[in-house]
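Read off the chains here:
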Amino acid sequence: MKLVFEKSVPGRHTTMLPACDVEEVALPQALVRETAPALPELSETEVSRHYTELCQHVHGVNCGFYPLGSCTMKYNPRIDEEAANLPGFANVHPLAPAHTVPGCYEALDTARKYLCEITGMDDMTFQPAAGAHGEFTGVLLIKQYHESRGDTKRNKIIVPDSAHGTNPATAAMCGYQIVNIASAPNGCVDLDALKAVLGDDTAGLMLTNPNTVGIFDENILEITRLVHEAGGLCYYDGANLNAVMGVARPGDMGFDCIHLNLHKTFATPHGGGGPGAGAVGCKDFLAPYLPKSATMDGGNGIQVRGFAGNFLVVIKALAYVMTLGKEGIPEASKNAVLNANYLQAKIKGTFTPAFDRICMHEFVLDLSQYKKETGVSALDVAKSLIDYGMHPPTMYFPLIVHEALMLEPTETESKETLDWAADVFRQLYELGFKDPEFMHNAPHNAQISRPDEVRAARTPILRYQKG
Ligand SMILES: *Cc1c(COP(=O)(O)O)cnc(C)c1O
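So, here is what we can say about the structure in this document. (Residues numbered from 1 in each chain as written. Predicted model: local features only at pLDDT ≥ 70, side-chain atom pairs only at ≥ 80, totals over all residues. Heavy atoms only, no water.)

Another point: empty space enclosed by the protein. Taken as a whole, this structure holds five cavities of 30 Å³ or more when the rule is applied. As a volume, the largest cavity reaches approximately 100 Å³. The class makeup of the residues in the lining of the largest cavity is two nonpolar, seven polar and three charged. (1 Å grid on protein atoms, 1.4 Å probe; cavity = no way out; pocket = protein on both sides within 12 Å on 5 of 7 lines; lining within 4 Å. Points joined across faces, edges and corners; volume = space filled by probe spheres on them. Nonpolar A, V, L, I, M, F, W, Y, C, P; charged D, E, K, R; others polar.)

Below, the structure written as structure tokens:
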């Protein structure tokens, strides 16, 4: 597809500005540019077609299946967008005095109340703008708690090797040393490995449950008990609450502090660089350290962002929780778990699940044996899926599984879609034995085939360079 600059024709234009109705003033010469900006010149139809074509080259949940594991790329009900678009929410200024916008404060309070109920926490801030940002905030709460008690030798955070990469990064950002513990063969926390590293230097443990291989750790109560016994606190990475919302509460599992990605489970899409909300919940004893704007009435909290964070993302989450209600919330989770298990069962027999057992909201395939037999890698399979109009699953994560493909179908997919997806996986499985070369070069029908991912991420060219 041509760039908008390449479509430009000198002199063509779209604008029809009304006559100037104020007095024209000449700008000081020093402020006037010497040459006109090199803007593309196109007609209105051309502009419209250009952007329509561009958006057709993007894959979203509205285009097709998007089983990007750990990201919960589900359908976000449009009614939630509508709620966030209500002028009383959308047009409010963050500096508006509280008494002029009581409805906004009530909405925040209500969202806090519901999300605390869902997570089993006592208080919550919406200030952090992302999951990693929420982790950072949550671990700072833990740090302040220890420091406030003069317990300063606790300088280690324990993180299992199955953890999301943001967990050790967060602990390091907060000035902690990271103690990595190997997972047990079933992908869960190895209790002996945990016991071996716990001590009076343990500040806390960061854990995802269900973990990143989609398995609920049955020893969770014992894990949190052991950490507390050693004087540490338990942090729950609830970025992805899709398997347990309304069914099991981190607060009841013994966690002291959590974050939720409202931009995964609660009606805002993940990714794309759009606004997010890493809501951080905590038990009462940590609440005094929450960011000030969270508690409204002050406190000695930290500040991680301006005002109440991405307010409209919270409104979407509130609308989502209110429309689904007490029945709908657990039903969504149960269907997410059912869909993941259904798809895992249908794919089994071709590609191999890394852990052959009932999963939660997602599962991981291990293609290492398949790669040995065919030469076709997890990357080749992921790239091949693009030609079928399916977004690739998460690849090469978690690190404890080699040649990993991680699928999270979510509750908003139909049985027909899951059957189709399983069929596509079966076709690709067979193709790998017949024509591996074809798969090494996939995708064949996409705009871009195999970009240099490191260069694309590190030195992206985001501006048109003339000539
Ligand atoms: C997505 C995710 C995060 C990070 O969330 P961001 O909003 O991308 O920073 C952290 N932990 C887990 C388990 C996740 O799935």
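Another aspect to go through is helix 12 (residues 378-386). The element helix 12 is largely enclosed, with a buried count of seven among its nine residues. Of the residues making up helix 12, those classed as buried are Ala378, Asp380, Val381, Ala382, Lys383, Ser384 and Leu385. Those residues of helix 12 that are buried lie in contact with helix 11 (368-374), strand 10 (394-395), strand 11 (404-407), helix 13 (415-434), helix 14 (436-440) and helix 15 (453-458). (Buried < 20%, exposed > 50% of the residue type's maximum accessible area, 1.4 Å probe, protein only. Helix = DSSP H or I, 4+ residues; strand = E, 2+ residues; numbered from the N terminus. Contact = heavy atoms within 4.5 Å.)

The next subject is the environment of proline 393. Here proline 393 is to be found in the loop between helix 12 and strand 10. For proline 393, a relative accessible area of 3% corresponds to the buried category. Each C-alpha atom, one on proline 393 and one on leucine 405, is 5.9 Å from the other, the two residues being 12 residues apart in sequence. When residues no more than four places from it in sequence are discounted, the contact partners of proline 393 are Pro67, Leu68, Leu385, Leu405, Met406, Leu407 and Phe425.

Turning next to the side chain of threonine 350. Considering the arrangement of structural elements, one finds threonine 350 in the loop between helix 10 (311-347) and strand 8 (352-353). Take threonine 350: its relative accessible area is 17%, and that puts it in the buried class. Here the side chain of threonine 350 touches isoleucine 347 through a polar contact of 2.6 Å, landing on its backbone oxygen. Among all residues touching threonine 350, those that are not within four sequence positions of it are Arg426 and Tyr429. (Polar contact = N/O pair within 3.5 Å; in protein donor to acceptor, adjacent residues only side chain to side chain.)

The next point concerns the site of the ligand. Taken together, 13 residues sit near the ligand, with Gly131, Ala132, Asp237, His263 and Lys264 positioned nearest. Within the backbone of glycine 131, a nitrogen or oxygen atom sits 2.7 Å from an oxygen atom of the ligand. Among the elements that make up the shell around the ligand, the one with the highest residue count is helix 5 (residues 131-148) (three residues). (Near = heavy atom within 4 Å.)

Our focus in this paragraph is the packing of aromatic side chains. Between two aromatic rings, the relevant description is the distance of the centres plus the angle of the planes. Inspection of every chain in the model, using the stated rule, returns 11 aromatic pairs. Summarising the aromatic geometry, the rings of tyrosine 370 and phenylalanine 433 are spaced 5.6 Å apart at their centres and angled 85° between planes, so their arrangement reads as edge-to-face. Taken as a pair, tyrosine 370 in helix 11 and phenylalanine 433 in helix 13 lie far apart in primary sequence, 63 residues in all. Through pairs of rings, three or more aromatic residues link up here, namely Phe351, Tyr370, Phe425, Tyr429 and Phe433. Positioned above the aromatic ring of tyrosine 176, the side-chain terminus of lysine 143 is 5.4 Å from the ring centre. (Phe/Tyr/Trp six-rings, centres within 6.5 Å; stacked < 30°, edge-to-face > 60°. Lys NZ or Arg CZ within 6 Å of the ring centre and 35° of its normal.)

By secondary structure assignment, the location of alanine 19 is in the segment before helix 1 (44-56). Here alanine 19 falls in the exposed class, since its relative accessible area comes to 69%. Spatially, the C-alpha atom of alanine 19 lies 59 Å from that of asparagine 339, the residues being 320 residues apart in sequence.

A few words now on the pattern of salt bridges. Tallied over the full model, the rule gives 23 salt bridges. Between lysine 153 and aspartate 151 there is a salt bridge, with its nearest N and O atoms 3.7 Å apart. Here glutamate 453 ties to lysine 383 by a salt bridge, and the two come within 3.7 Å at their closest N and O atoms. Residue glutamate 453 is found in helix 15, and its partner lysine 383 is found in helix 12; the two are separated by 70 residues along the sequence. Take glutamate 453: its relative accessible area is 44%, and that puts it in the partly exposed class. Judged by relative accessible area, lysine 383 falls into the buried class, the value being 11%. (Salt bridge = Lys/Arg side-chain N within 4 Å of Asp/Glu carboxyl O.)

Attention now moves to a nonpolar patch on the surface. Residues Met1, Val47, Tyr51 and Leu54 make up a contiguous nonpolar surface patch of roughly 340 Å² in combined accessible area. Relative to the helices and strands, tyrosine 51 is located in helix 1. (Patch = residues over 30% accessible without salt bridge, like charges linked within 9 Å, V, L, I, M, F, W, Y side chains within 5 Å. Areas by Shrake-Rupley, 256 points an atom, 1.4 Å probe, with all protein chains shown as cover.)

As a further point, take the sheet that holds strand 2 (residues 156-160). Pairing within the open sheet is mixed, and its seven strands lie in the order 1-7-6-5-4-2-3. With partners counted over all chains shown, the strands left at the sheet margins are strand 1 (123-125) and strand 3 (177-181), one partner each. Put simply, the sheet's adjacent strands are angled 20° from each other on average, direction ignored. The pairing of strand 6 (residues 257-261) with strand 7 (residues 278-282) spans five bridges and is antiparallel. Looking at the pairing, cysteine 257 lines up with cysteine 282 of strand 7. (Pairing = 2+ DSSP bridges. Axes fitted to C-alpha atoms, helices over the stretch in contact; angles between N-to-C directions.)

Turning to the sheet that holds strand 9 (residues 363-366), a few remarks are in order. Reading across from one edge, 8-9-11-10 is the order of the four strands in this open sheet, with antiparallel pairing throughout. Of all strands in the sheet, those with a lone pairing partner are strand 8 and strand 10, marking the two edges. Sheet topology note: the strand 8/strand 9 ladder contains two bridges and is antiparallel. Bridging from a neighbouring strand, threonine 352 pairs with aspartate 366 of strand 9. Its contacts with the sheet put helix 12 on strand 10 and strand 11, and the angle it makes with strand 11 is roughly 40°.

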